[in-house]
Amino acid sequence: MEWLYVLMPIAGVKIFWPGLIILGVGVGIIGGFFGMGGAWMVTPGLNILGFPMAFAIGTDIAHMAGKSLISTMRHGKFGNVDYALGIVMLVGTVVGFEVGAQMVMWLERIGQVDKYVRYIYLVLLAFIAWMVFSDVAKKKRKEREAARAGVKLEALATGLEWHKAIHRIKIPPMVHFKVAQIYVSFWMPVLVSFATGWLAGILGIGGGLIRMPALIYFIGCPTHVAVGTDLFEVMISGLYGTATYTYKGRTELVAAIIMLIGAAVGAQIGTVATKYIKGYGIRIAFGLAVVGCAVSIIFKLLAKKFPAYGTIFDNAATVLILGLVAAMSIYIFVRMVQGAKQEIAAKKAAAKAAAAS
Amino acid sequence: MKMKKLLTKITGLAALIFVLAPELALAAAAKAERMVIVADTRKFKGWEAWWTNLYNESHFYFTLLTVIIIPVVGFIFGCLADLIMGRIGIDLKSRELAEH
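Residues numbered from 1 in each chain as written. Chains lettered and ligands numbered in written order. Predicted model: local features only at pLDDT ≥ 70, side-chain atom pairs only at ≥ 80, totals over all residues.

## Topic: the overall build of chain B
And step 1. Within chain B, the secondary structure is distributed over four helices and zero strands.
And step 2. Its helices and strands in sequence order give chain B the pattern α-α-α-α, from N to C terminus.
And step 3. The buried share of chain B, taken over its 100 residues, is 16%. (Helix = DSSP H or I, 4+ residues; strand = E, 2+ residues; numbered from the N terminus. Buried ≥ 20, exposed ≤ 12 C-beta atoms within 10 Å, placed from the backbone.)

This is the structure:
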């Protein structure tokens, strides 16, 4: 079974390559569907496959850049990417990320930064999950009220409408982002992306997990456009991260390319699935993924608090994350297949009807 | 036109950040441990040996090549996967934008 292993030229370890492809498929599906890089899923996966931690992060970021490019290409064809908004937000993201990264270095000198970072991460995830599920509850209430009044809610109607308050701030220049269908002060997306970039810099994550909901709830993007635009940003920031980590000698390109084979397939599945799932379907699944991520961080904190049970809690966190990736990937894949089947059947029926008439 | 001008300015600004602030750019990776890793070239032949040698000799060129290879490979794989998906028979160019 030696052929199932490939020797990594830089890291010098033998890795089970089908595992890399499977990981790529899973993360490709989830990344293409939710619009994020998914470093929080890949790093523990690479570690399990035997990657030294020193190479896991850099390799993950390199693969993330390529995978996001594949997803952005597909989302772009669907009309889900607002490139102008993505570029505007990129400025805030880069500056915010660097401020956050510098701040962490300053905090490191004070000490105990790791513990506080995990707590901040946990609070942030709890806030995102609360935001998503209170939005869903509010939207359902609106639907019930509309049904009682005998009217139907608009296709793009949402529960939480915080973005409307932000849109009322008219600091010039005002910009119309056509794909996202929003008219907003130029400074608002810059400010929001600065805040999300700053948080990502402090937490040491890519930021898709924060930026995607921020695009929905603060900027007012439709869910599908938020997913596509965020992937565009992940692609550019991923390349930037690849450069920084590779320069430090922490990227295993061979592994990243093997993962990309799986990610190319996964990204197509995840992206096409967004065609068959409405915005709130994506939001609810995203909320559940955030809850899973938060629980895994609780396990990590418990491992530090109770060192005697450290291994058990650490393993539980990894199993939870990988189980979540598997479950979500299967769900998204099934929905994509069902949607494609229905579309093909409808096309055939329409062709038959046209031929009969 | 105004929008176009604004976008050109923003793109220029973004490029400036990348070009003029390499110190800032590298700060993101500063959290990585400061140790020197050397790849063992003795185990490899051909392109693998060349690749590991490049890693040992110049991280700059190694980075440059990695940053070029990743999007190129991503683009090629994306196009291939696109071709395969196109054969399924579904519409891959439009979707209904709806929240519920």
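## Some words on the overall build of chain A
And step 1. The helix and strand inventory of chain A stands at twelve helices and four strands.
And step 2. The C-alpha radius of gyration of chain A comes to 21 Å, within 12% of the 21 Å expected for a compact globule of 357 residues.
And step 3. For the C-alpha atoms alone, the extent of chain A along its principal axes is close to 65 × 55 × 40 Å.
And step 4. Relative to its 357 residues, chain A shows a buried fraction of 54%.
And step 5. The contacts in chain A between residues at least 6 apart in sequence include a share of 77% that link residues at least 24 apart. (Rg over C-alpha atoms; globule rule 2.2 N^0.38 Å. Contact = placed C-beta atoms within 7 Å.)

## Some remarks on the interface of chain A and chain B
And step 1. Chain A puts 66 residues into the contact, and the matching count from chain B is 54 residues.
And step 2. For the side of chain A that touches chain B, the secondary-structure elements that each account for two or more residues are α3 (53–78), α4 (83–110), α9 (223–247), α10 (253–276), α11 (279–305) and α12 (310–356) of chain A.
And step 3. Considering each element in turn, the side of chain A that touches chain B owes the most residues, twelve residues, to α4 of chain A.
And step 4. Counted by class, the side of chain A that touches chain B contains 42 nonpolar, 15 polar and nine charged residues. (Nonpolar A, V, L, I, M, F, W, Y, C, P; charged D, E, K, R; others polar.)

## Some points on the packing of helix α1 (residues 17–34) of chain A against α10 of chain A
Residues and elements named next belong to chain A.
And step 1. Two elements in contact, α1 and α10, have axes separated by 6 Å at closest approach and are oriented at 35°. For the pair α1 and α10, the crossing hand works out as right-handed.
And step 2. Partitioned by chemical class, the residues of the contact of α1 with α10 number 21 nonpolar, ten polar and no charged. (Axes fitted to C-alpha atoms, helices over the stretch in contact; angles between N-to-C directions. Left-handed = near helix turned anticlockwise from the far one by under 90°.)

## Focus: the packing of helix α7 (residues 187–203) of chain A against helix α8 (residues 208–219) of chain A
Residues and elements named next belong to chain A.
And step 1. Contact geometry of α7 with α8 gives a least axis separation of 10 Å together with a crossing angle of 155°. It follows that α7 is roughly antiparallel to α8 by the angle criterion. The hand of the α7/α8 crossing is right-handed. Each of P189, V192, T196, L199 and A200 in α7 lies in contact with α8, whose residues at this interface are I210, R211, A214, F218 and I219.
And step 2. When grouped by side-chain class, the residues that make up the contact of α7 with α8 number eight nonpolar, one polar and one charged. (Parallel < 35°, antiparallel > 145°, perpendicular 65-115°, else oblique.)

## Section: unusual backbone geometry
And step 1. P173 of chain A follows P172 of chain A through a cis peptide bond whose omega is 0°.
And step 2. Within the secondary structure, P173 of chain A sits in the loop between α6 (162–167) and β3 (174–177).

## Describing the pairing of β3 of chain A
Residues and elements named next belong to chain A.
And step 1. Here β3 shows one buried face, formed by V175 and F177, and one open face, formed by M174 and H176.
And step 2. Note: β3 against strand β4 (residues 182–185), four bridges, orientation antiparallel. For F177, the partnering residue across the bridge sits in β4 and is I182.
And step 3. Here β3 folds back onto β4 in antiparallel fashion, the turn holding four residues, of which Q181 has a positive phi close to 60°. (Pairing = 2+ DSSP bridges.)

## Overview of the confidence of the model for chain A
And step 1. Across chain A, the average pLDDT comes to 89, with 99% of residues at or above 70.
And step 2. The least confident element of chain A is helix α2 (residues 39–48) of chain A, whose mean pLDDT is 80; the most confident is β3 of chain A, at 94. (pLDDT = per-residue confidence, 0-100.)

## Brief notes about α9 of chain A
Residues and elements named next belong to chain A.
And step 1. In this model, α9 (25 residues) spans 36 Å end to end at C-alpha, consistent with the 36 Å of a helix rising 1.5 Å per residue.
And step 2. Counting buried positions along α9 gives 25 out of 25 residues, so the element sits mostly inside the fold.
And step 3. Once α9 ends, the next one or two residues include G249, with phi positive near 80°. (Expected span 1.5 Å × (residues − 1).)

## Overview of the environment of A84 of chain A
Residues and elements named next belong to chain A.
And step 1. Looking at the secondary structure, you find A84 in helix α4.
And step 2. Given 21 C-beta atoms within a 10 Å radius, A84 is considered buried.
And step 3. Sequence spacing of A84 and I166 is 82 residues, and the spatial spacing of their C-alpha atoms is 19 Å.

## A few points about the environment of I258 of chain A
All names here are of chain A.
And step 1. Secondary-structure assignment places I258 in helix α10.
And step 2. C-beta crowding within 10 Å serves as the criterion here: with 23 such atoms nearby, I258 is assigned to the buried category.
And step 3. Expressed as a C-alpha distance, the spacing of I258 and P18, which sit 240 residues apart in the sequence, is 8.7 Å.
And step 4. What I258 contacts, discounting residues up to four positions off in sequence, is W17, L20 and I21.

## Some words on the confidence of the model for chain B
Parts of the model with low pLDDT should not have their predicted coordinates read in detail.
Residue and element names in this part refer to chain B.
And step 1. Of the residues in chain B, 64% have a pLDDT of 70 or more, and the chain-wide mean is 75.
And step 2. Throughout residues 17–30 the model reports pLDDT below 50, and contacts reaching past four residues in sequence, or to other chains, amount to 18 contacts.
And step 3. The ipTM for the predicted assembly is 0.82, set against a pTM of 0.84.

## Description of α4 of chain A
And step 1. In this model, α4 of chain A (28 residues) spans 40 Å end to end at C-alpha, consistent with the 40 Å of a helix rising 1.5 Å per residue.
And step 2. Just past α4 of chain A, the residue G111 of chain A takes up positive phi, approximately 110°.

## Focus on the environment of R74 of chain A
All names here are of chain A.
And step 1. Along the chain, the position of R74 falls in helix α3.
And step 2. Sequence-wise, R74 and Y217 are 143 residues apart; in three dimensions their C-alpha atoms are separated by 24 Å.
And step 3. Not counting the four nearest positions on each side in its chain, R74 is found in contact with A267, Q268 and T271.

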